[in-house]
Each structure stands twice: as C-alpha cells, then as structure tokens.
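Per-entry structural report
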Amino acid sequence: MTIRRALSGDLPAVAAVTTAAYAPYTALFSAPPIPVTEDYAPRIERGEVWLLEEDGGLAGLIVLERHPDHAMIFSVAVAPAFQGKKLGIKLLNFADEQARLWAVPEVRLYTNSRMERNIALYSAYGYRETGRRANPHRPGWTLVDMMKSVDRAA
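This write-up is about the structure you can find in this document. Nothing here was measured: the structure is a model prediction, and the numbers come from that model. (Residues numbered from 1 in each chain as written. Predicted model: local features only at pLDDT ≥ 70, side-chain atom pairs only at ≥ 80, totals over all residues. Heavy atoms only, no water.)

All right, on to the side chain of Asp145 then. Mapped onto the elements, Asp145 comes out in strand 7 (residues 142-149). Here Arg133 takes part through its side chain, which lies 2.7 Å from a polar atom of the side chain of Asp145. Asp145 has contacts with Leu109, Tyr110, Arg128, Glu129, Thr130, Gly131 and Arg133, leaving out every residue within four places of it along the chain. (Helix = DSSP H or I, 4+ residues; strand = E, 2+ residues; numbered from the N terminus. Polar contact = N/O pair within 3.5 Å; in protein donor to acceptor, adjacent residues only side chain to side chain. Contact = heavy atoms within 4.5 Å.)

Encoded structure:
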C-alpha cells in the first residue's frame, strides 16, 4: 500500500473514485455532495490530491490543502471495493503526518451535518466539532466544522 501525489493523468480515476465513494450520500441528499462536483484538475496541479494505491489499483484518496496555520481536508474518499478496511483512517493518519511535516498545529475539515457516520468516525479519531454553518453553495445544507490538534513531533 502506497500513498503518492496525483498526476494530471489520474484525473479520471480521482473523479470516478470520488463519485463512487460519495454515491450513498448523493442518493440521501438527492444531489451530489460538493466533492463530487469539484474540478480536481487545479487541485492536482497544486499538489493537493494524494492517492492511496493497493494491489496496483486506486483504493482511496485524500484532498489536503496547506494553510499557514492548519491543514484542511477537503475530501476523503475510499473506493467501495476497499471500504471496511480502515483505509479512511490510514488517510486521516496521512493528514496528521503532513500537518507535522508542514509544522502546523492542527488539521481541520468540514462535513455535511447529515453525514452522521462520518461525524462519528471523525469524533472517534480525535476530531472535535468547532461549529456549524450554512453551506454557502447548497441552500438548506448545514456544514459541521471539526478540528484535531496534532503534536509537532514527526
């Protein structure tokens, strides 16, 4: 199992895994979540998309933004065939490692308030809720902001 930065040629696979991973939420919301409609080409160019590969295939990905005082997770997506193998936790661990390398004290993320399973997972992993706000791109949707402190030792 390896994690590497996505390249421009990975764009179709990034879109496919994201769409498949978020499919249950697309059905629940009757509309695709923001990560499904995102244009990943600029994010790949900026080096924000990281791929988790297993057995030569794309098992999952994380989109991680670097900010001066934190790392921000935009999306974590695990391909349905690889779900249930704790790969999401592996990707969250990767975010912690990157935050340490970048010398920032915390990792932040936001998720839809109706993604209760994800909120529970993030909470169990050490994230705490810092607030709720209206989704500026989807009227009627509520975002849950969460953060986790990371120690500075690499």
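This part covers the nonpolar core. Ranked by internal contacts, the top residues of the largest apolar core, which has 46 residues, are Val49, Ile62, Ile73, Val107 and Tyr127. Contact partners of Ile62, with chain neighbours within four places excluded, come to Glu48, Val49, Trp50, Ile73, Ser75, Val76, Leu91, Phe94 and Ala95. (Core = buried A, V, L, I, M, F, W, Y, C linked by side-chain atoms within 4.5 Å. Buried < 20%, exposed > 50% of the residue type's maximum accessible area, 1.4 Å probe, protein only.)

Within the structure shown, the criterion is met by 6 aromatic pairs. Counting every residue linked through ring pairs, the aromatic cluster contains Tyr25, Phe29 and Trp141. The ring centre of Phe74 lies 4.0 Å from the NZ or CZ of Arg43, which sits over that ring. We note Arg133 situated over the ring of Tyr110; from NZ or CZ to the ring centre the distance is 5.2 Å. (Phe/Tyr/Trp six-rings, centres within 6.5 Å; stacked < 30°, edge-to-face > 60°. Lys NZ or Arg CZ within 6 Å of the ring centre and 35° of its normal.)

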